[in-house]
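Now for the letters of each chain:
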Amino acid sequence: MNIQENRQYFFINNEGIVDVDVWINSDEDKNRMNFYNAFLTEKEAFQMLSFLKTIVSLSKKEQILDNSDYFFINDQGLIEQDSCISSDEDNNRFSFYNVFPTFKDAELVLKK
């Protein structure tokens, strides 16, 4: 799929919400495309979100405690580290609706 420069596209953000951006051929745009997280229509993004929610609901989730570090795969397919402080962002990321898994150990992310 090719997205023309300055065209709006949709993606699933780190909190599992369909979001919109404009294609400027940035590294962020390319990473989302390479991670299969760039959609021409909002409908396509919601279809993928529904599919991912089903997969996540069927998988075993790790419990991550407050004030502990964790790793996650972001909306561009890159590994990020964060600390759990029970913020709204953390709660969204850990909720049933989370589509990008979280891990206690970076090695587990790399194995996935």
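Note that the structure is a prediction, hence the values are computed from the model and not measured.

Asks: Please provide a residue-by-residue account of the overall build of the protein chain, values included.
Replies: Scanning the protein chain from N- to C-terminus turns up four helices and five strands. For the protein chain, the N- to C-terminal ordering of α and β elements is β-β-α-α-β-β-α-β-α. In the protein chain, which comprises 112 residues, the share counted as buried stands at 32%. Here the contacts in the protein chain between residues at least 6 apart in sequence split such that 55% fall between residues at least 24 apart. On the protein chain, roughly 7,100 Å² of surface is accessible, and the fraction owed to carbon and sulfur atoms is 50%.

Asks: Break down the environment of Val 18 for me, citing the residues and quoting the values.
Replies: Along the chain, Val 18 turns up in strand S2 (residues 18–22). For Val 18, a relative accessible area of 14% translates into the label buried. Setting aside chain neighbours within four positions, we find Val 18 in contact with Phe 10, Phe 11, Ile 12, Glu 42, Ala 45, Phe 46 and Leu 49.

Asks: Requested: an account of the confidence of the model for the protein chain, with residues and values cited.
Replies: Caution is warranted with low-pLDDT regions, since their predicted coordinates should not be read in detail. When pLDDT is averaged along the protein chain, the result is 76, and 61% of the positions lie at 70 or above. Mean pLDDT values for the elements of the protein chain range from 55 in helix H4 (residues 106–111) up to 96 in S2.

Asks: An account of the packing of aromatic side chains is requested, with residue identities and associated values reported.
Replies: Within the structure shown, the criterion is met by two aromatic pairs. Residues Tyr 9 and Phe 11 carry aromatic rings whose centres are separated by 6.2 Å and whose planes lie at 45 degrees to one another, so their mutual orientation is tilted. The two residues Tyr 9 and Phe 11 agree in class, both being buried. Ring centres of Tyr 9 and Trp 23 lie 5.5 Å apart, and the angle between their planes is 70 degrees; this geometry places the pair in the edge-to-face category. Separated by 14 residues along the polypeptide, Tyr 9 in strand S1 (residues 8–12) and Trp 23 in the loop between S2 and helix H1 (27–34) bring together distant segments of the chain.

Asks: Provide a residue-level description of H1, including the pertinent values.
Replies: Taken together, the buried positions of H1 are Asp 29, Arg 32 and Met 33. Mapping the buried residues of H1 onto a view down its axis gives an arc of 100 degrees, with all of them on the same face. Residues of H1 that are exposed and point more than 90 degrees away from the buried face comprise Asp 27 and Asn 34. For H1, the secondary structure elements touched by its buried residues are S1 and S2.

Asks: Describe in detail the pairing of S2, supporting the description with residues and values.
Replies: Within a regular strand, side chains alternate between the sheet's two faces. By the bridge criterion, five bridges tie S1 to S2 in an arrangement that is antiparallel. Of the residues in S2, the one forming a bridge with Gln 8 is Val 22. Taking the residues that link successive antiparallel strands as the turn, the S1-S2 hairpin has five residues, and the phi of Gly 16 there is positive, at about 80 degrees.

Asks: Outline the pattern of salt bridges, listing residues and values.
Replies: Charged atoms that come close allow side chains of opposite charge to pair. All told, the structure shown has two salt bridges when counted by the stated rule. Linking Asp 21 and Arg 32 is a salt bridge whose minimum nitrogen-to-oxygen distance equals 3.0 Å. Of the two residues, Asp 21 sits in strand S2 while Arg 32 sits in helix H1, which places them eleven residues apart along the sequence. On the basis of relative accessibility, which here comes to 24%, the residue Asp 21 falls in the partly exposed class. For Arg 32, the salt bridge is made with Glu 28, and the minimal N-O distance between the two is 3.5 Å. On the criterion of helical spacing, the pair formed by Arg 32 and Glu 28 is a turn pair, its members being four residues apart in helix H1. Judged by its relative accessible area of 4%, Arg 32 is buried. Residue classification places Glu 28 among the partly exposed positions, given a relative accessible area of 34%. Each of the salt bridges in this network shares a partner with another, and the network as a whole consists of Asp 21, Glu 28 and Arg 32.

Definitions and cut-offs
- Residues numbered from 1 in each chain as written.
- Predicted model: local features only at pLDDT ≥ 70, side-chain atom pairs only at ≥ 80, totals over all residues.
- Heavy atoms only, no water.
- Helix = DSSP H or I, 4+ residues; strand = E, 2+ residues; numbered from the N terminus.
- Buried < 20%, exposed > 50% of the residue type's maximum accessible area, 1.4 Å probe, protein only.
- Contact = heavy atoms within 4.5 Å.
- Areas by Shrake-Rupley, 256 points an atom, 1.4 Å probe, with all protein chains shown as cover.
- pLDDT = per-residue confidence, 0-100.
- Phe/Tyr/Trp six-rings, centres within 6.5 Å; stacked < 30°, edge-to-face > 60°.
- Arc of directions from axis to C-beta.
- Pairing = 2+ DSSP bridges.
- Salt bridge = Lys/Arg side-chain N within 4 Å of Asp/Glu carboxyl O.

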